[in-house]
Every structure is written in structure tokens, then in C-alpha cells.
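Chain by chain, the residues run as shown.
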Amino acid sequence: MISPSFDLLCIGEPLGEFNATRGEPGTFQFGHGGDTSNCAVAAARQGARVAYAGALGDDAAGRAFRTLWAREGVDDSHVATHPSAPTGLYFVDHGPSGHVFSYARAGSAASLYGPRDLPREAIAAAKVIQASGISQAISASACDAVFEAFELARGAGVLTAYDTNLRLKLWPLTRARAIIEAACAMADIVLPGLDDAILLTGLQQPDAIADHYLAKGAKVVALTLGHEGSLVATPERRERLVPIAVEAIDATGAGDCYDGAFLAEFIRSGDAFAAGAYANVAAALSTQGYGAVAPLPSRAVVEARMAQDFAGTSR
């Protein structure tokens, strides 16, 4: 049996981020985004050994991701550089009703990624393979790559984790439901957000949503509930995990932070409920700064806050 090269291998689409600068209309600050890349960085900051698989353009944004991943300790040896297709971009504005996102990702290098590009040996040597609805929504070939990656992982006894992450600007709900449901049926760990899960399943109650994904074969469901924390469920047990109080200023990437922190802690401890409590704290702390990556907390910061908030409790 191959010994694991990585704890976590994330597959998907890195996106260069241009976040509107508060108080300076028309100006944007460059950053890094893309849900699975955010997850990879979040997990690496918790001490997990992380790798990424996908494709970047031969451009400034693509080189910026290489620099980011090198700094964060995320292995990028399985990320191709496309000679002509660009790295995808997105823009974040802050309107009165919340974030407003716009994208420039058509024909991106990541959208051209397909099953032929998968790092098969790395998949078999990881502990967990993570992907999302966005990983599959960007193109048919990228969609097939996730399915094949999960099939390879399952054949090798590697756990699979999937964030439903629904983006209706990328595909219609009917198609999204079909693909995401099929992917969740191949996932050991399902990581839905409540709003997306309501649209995808037609169910309203968190417990019913957890039951839906458990019935599909998930070993763990970690359903994020926004400011109400999360619900973690296994076939034998479930628990509502309360959040901590923070002064949130930007929730961009908070769900991705939850994913990365949850998976890192689950890989470390094997305890889904401890992982959920840990990820709640990490995700809340990530809302205290602007952008998707810069505010992602380190393990030391998360543990210090947990020691403060949960002193004298079983957590």
C-alpha cells in the first residue's frame, strides 16, 4: 500500500480576486480566491499536508497562485500551466444588501481541465480528495474529472469530501441538482451550506437535509448554518455546534475556511464532532478581515480562541 504523500488533495478552479476597496470607489485589491484553493490554504494553515490539482494560465494571476501556494506550503506540482487559456478572475463589490460578485472565467485554464489531466498516483496516495459543485460547474470536462477522481479515490480506499457550493450563474438548477446529487452519492464527507442545500434538496430543516445526504451513503455530513454554527451528523449521532461571537466584516471564503479547517482537524483527530467545533471557530475568525485568503486563521489562532471560549467545557 502506498503511504500517503498528502493529507488532502483539492481539485478545482483557482480564481484571481479583485475586492473593492472600502472608501475608495473604483479601486480594487488583488487577492486569491476559488473555493477549493481557499480550502487548501485554510487546511494548510491548520497544519495539514495539502496539495492542489488543476490548471492555471501563463499569466500574472497564475504566477500569483504559485507564489501563494509556495508560501502556504500547498504543493502545486500537480497544477498545469496552460499556454494560452487564462486564469479565471472575479470581482467583489460591497453593496447595501451584501456582496456582489462578477466573474471573468469563460474559457479559463481550469475549465479545460479533464480526466486525462488527473494525477492518479497522487489521488491514490492522499488521505482525502476534496472537490465542490463549482469544480464541476465550470465545464463538462472538469465535471467528469471530479467524478473520475472520486472513483479513483474510492477504489484506492481514499476518503472523498464534497462541498455542494451552488452557483446558479454557472449552470441551471436542474442540471446542478443532478450532478451534485451524483457527486454526493460518491462522497464520504458532504459539506453543504444551508441555503444551497434547501435549493438542491427541496428540504427546509437541517436535520432533514442531513438525513438526505446520509441516506446517499455519506459517513459524515457537516452542514453549515451561517451565524448559527453548524450541524454535524453521522449515521450514529448528530450534534448542533454553536458558533463563537465575532465582529464580522466580510464573510467571503468563510465556508471554504470551514471546509479546510474541518478536513484538517478530521484527518488529525478522526472525530467529526471535534472537527466541526474547530471549523466553526476558524470560519468565524475568517470573517474579521477582507478577502478570501488573507483572514484565514492559523491553528495557533484558532486554538487560542477555543481555549478562551471553551475553557472549562468538554470541548
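Participant: Help me out: how do you make sense of the packing of aromatic side chains in this one?
Facilitator: To describe a pair of aromatic rings, one takes the distance between the centres and the angle between the planes. Within the structure shown, the criterion is met by eleven aromatic pairs. Taking the centre distance of 5.9 Å and the plane angle of 85 degrees together, the rings of Phe28 and Phe91 count as edge-to-face. Of this pair, Phe28 sits in strand E3 (residues 28-33) while Phe91 sits in strand E6 (residues 88-95), and the two are 63 residues apart along the sequence. Between the aromatic rings of Phe150 and Tyr162, the centroid separation amounts to 6.1 Å while the plane-to-plane angle is 80 degrees, which identifies the pairing as edge-to-face. Taken together, the residues Phe150 in helix H5 (residues 140-155) and Tyr162 in strand E9 (residues 159-163) connect sequence positions twelve residues apart. Taken together, Phe18, Phe28, Phe30 and Phe91 form an aromatic cluster joined through their ring pairs. Here the basic side chain of Arg237 rests over the ring of Phe273, its NZ or CZ set 3.8 Å away from the ring centre.

Participant: Can you help me understand the sheet that holds strand E5 (residues 74-82) in this one?
Facilitator: To summarise the sheet geometry, strands pair through backbone hydrogen bonds and adopt either a parallel or an antiparallel arrangement. Pairing within the open sheet is mixed, and its nine strands lie in the order E5-E4-E1-E8-E9-E10-E11-E12-E13. Looking along the sheet, the strands with just one partner apiece sit at the ends: E5 and strand E13 (238-241). In terms of strand pairing, strand E8 (residues 126-132) meets E9 through five bridges, oriented parallel. Bridge pairing in E9 links Val128 to Leu159.

Participant: What should I look at first to understand the nonpolar core in this one?
Facilitator: Soluble, globular proteins show a tendency: their nonpolar side chains are buried together. Within the largest apolar cluster, 54 residues are counted, with the highest numbers of intra-cluster contacts made by Leu8, Val50, Trp69, Ile189, Val232, Phe262 and Leu263. With sequence-adjacent residues up to four places away left out, Val232 is seen in contact with Val220, Val221, Ala222, Arg237, Arg238, Glu239, Leu241, Tyr258, Phe262, Ala272, Phe273 and Gly276. By size, the runner-up hydrophobic cluster in this structure holds 47 residues, among which are Val158, Val190, Ala210 and Ala218.

Participant: How do you make sense of the pairing of strand E11 (residues 220-224) when you look at a structure like this?
Facilitator: Note on strand geometry: in a regular strand, side chains alternate between the two faces of the sheet. With four of five residues buried, E11 is to be regarded as a mostly interior element. Relative to E11, strand E10 (residues 189-190) runs parallel, the two being bridged by two bridges. Counterpart to Ile189 in the pairing with E11 is Val220. Turn length for the E11-strand E12 (residues 230-233) hairpin, with the two strands adjacent in sequence and antiparallel, is five residues, and the turn residue Gly226 shows positive phi of about 65 degrees.

Participant: How should the packing of helix H9 (residues 254-269) against helix H10 (residues 272-286) be read in this particular structure?
Facilitator: Between two packed helices, what matters for the description is the angle formed by their axes and the separation of those axes. The geometry of H9 relative to H10 is characterised by a closest axis approach of 8 Å and an angle of 145 degrees between their N-to-C directions. Considering how the two elements wind past one another, H9 and H10 form a crossing that is right-handed. Mapping the contact onto sequence places Ala254, Cys257, Tyr258, Ala261, Phe262, Glu265 and Phe266 in H9 and Ala272, Ala274, Ala275, Gly276, Tyr278, Ala279, Asn280, Ala282, Ala283 and Ser286 in H10. Here the residues of the contact of H9 with H10 are counted per class, giving 13 nonpolar, three polar and one charged.

Participant: Explain the pattern of salt bridges to me, please; I cannot follow it from the model alone.
Facilitator: Pairs can form between side chains of opposite charge once their charged atoms are near each other. Evaluation of the coordinates by the stated rule reveals 18 salt bridges. For Asp76, the salt bridge identified is with Arg66, shortest N-O distance 3.1 Å. Here Asp76, found in strand E5, pairs with Arg66, found in helix H2 (residues 60-72); they are ten residues apart in sequence, far enough to count as distant. Using a relative accessible area of 22% as the deciding quantity, one classes Arg66 as partly exposed. Among the ionic pairs, Glu265 bridges to Arg268, the shortest N-O distance being 2.6 Å. Pair noted here: Glu265 and Arg268 are both in helix H9, with a separation of three residues, about one helical turn. The exposure class of Glu265 is buried, given its relative accessible area of 5%. When its relative accessible area of 57% is taken as the criterion, Arg268 is described as exposed.

Thresholds applied
Residues numbered from 1 in each chain as written. Predicted model: local features only at pLDDT ≥ 70, side-chain atom pairs only at ≥ 80, totals over all residues. Heavy atoms only, no water. Phe/Tyr/Trp six-rings, centres within 6.5 Å; stacked < 30°, edge-to-face > 60°. Helix = DSSP H or I, 4+ residues; strand = E, 2+ residues; numbered from the N terminus. Lys NZ or Arg CZ within 6 Å of the ring centre and 35° of its normal. Pairing = 2+ DSSP bridges. Core = buried A, V, L, I, M, F, W, Y, C linked by side-chain atoms within 4.5 Å. Buried < 20%, exposed > 50% of the residue type's maximum accessible area, 1.4 Å probe, protein only. Contact = heavy atoms within 4.5 Å. Axes fitted to C-alpha atoms, helices over the stretch in contact; angles between N-to-C directions. Left-handed = near helix turned anticlockwise from the far one by under 90°. Nonpolar A, V, L, I, M, F, W, Y, C, P; charged D, E, K, R; others polar. Salt bridge = Lys/Arg side-chain N within 4 Å of Asp/Glu carboxyl O.

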